[in-house]
Amino acid sequence: AMQAHPQEGEVQEDGCEALANVCYGDDAAGRAREQRAADAGAIEAVVAAMQAHPQEGEVQEDGCEALANVCYGDDAAGRAREQRAADAGAIEAVVAAM
């Protein structure tokens, strides 16, 4: 839905919130969901949503939460997700949201 409707702020907000919720958890199942989301393009979709809707506070808030949850982890996979987020422009998107 996020990719199909990039200019719809409410769709982007709901998508970011859904990703934040589904990727919450630091057990094995949570880590698997985080990786699955990243593999599906969640990081790039969230960054794109934040960039497309800079004045939408809820998109920014939910986007930050989604990025935090998807990138969580101190193992090699978590570090790779963090680097992927940085490469996608997440650092700049989060700073712009502040």
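Anything mentioned here points back to the structure above.
As the structure is a prediction and not an experimental result, all values here were calculated from the model. (Residues numbered from 1 in each chain as written. Predicted model: local features only at pLDDT ≥ 70, side-chain atom pairs only at ≥ 80, totals over all residues. Heavy atoms only, no water.)

Colleague: What exactly am I supposed to notice about the pattern of salt bridges here?
Modeller: Between side chains of opposite charge, pairing is possible as soon as their charged atoms come close. For the structure shown, the criterion picks out two salt bridges. The partner of Arg81 in a salt bridge is Glu34, with the nearest N and O atoms 3.1 Å apart. Taken together, the positions of Arg81 in helix α5 (residues 76-88) and Glu34 in helix α2 (residues 28-39) put the pair 47 residues apart, joining distant regions of the chain. Overall, Arg81 belongs to the buried group, its relative accessible area being 4%. Arg84 serves as the salt-bridge partner of Glu44, at 2.8 Å between the closest nitrogen and oxygen. (Salt bridge = Lys/Arg side-chain N within 4 Å of Asp/Glu carboxyl O. Helix = DSSP H or I, 4+ residues; strand = E, 2+ residues; numbered from the N terminus. Buried < 20%, exposed > 50% of the residue type's maximum accessible area, 1.4 Å probe, protein only.)

Colleague: What is the right way to read a negative patch on the surface from this model?
Modeller: Taken together, the side chains of Glu8, Glu10, Asp14, Glu17, Glu58, Glu61 and Glu65 present a region of like negative charge at the surface. Elements with a minimum of two residues in the negative patch: α1 (9-22) and α4 (57-70). For Glu65, the location among the structural elements is in helix α4. (Patch = residues over 30% accessible without salt bridge, like charges linked within 9 Å, V, L, I, M, F, W, Y side chains within 5 Å. Areas by Shrake-Rupley, 256 points an atom, 1.4 Å probe, with all protein chains shown as cover. Lys, Arg positive; Asp, Glu negative; His and termini not counted. Charge placed at Lys NZ, Arg CZ, Asp CG, Glu CD.)

Colleague: Please clarify how α1 should be interpreted in this entry.
Modeller: Three- or four-residue spacings in an α-helix give side chains the same orientation, since the helix completes a turn every 3.6 residues. The first and last C-alpha atoms of α1 sit 20 Å apart over 14 residues, in line with the 20 Å expected at 1.5 Å per residue. Every buried residue belonging to α1 is among Gly9, Gln12, Gly15, Cys16, Leu19 and Ala20, and all of these are buried. The arc enclosing the buried residues of α1, seen along the axis, measures out at 135 degrees, which places them on a common side. The outward face of α1, more than 90 degrees from its buried face, is lined by the exposed residues Glu10 and Asn21. Here the buried face of α1 lies against α2, α3 (42-52) and α4. (Expected span 1.5 Å × (residues − 1). Arc of directions from axis to C-beta. Contact = heavy atoms within 4.5 Å.)

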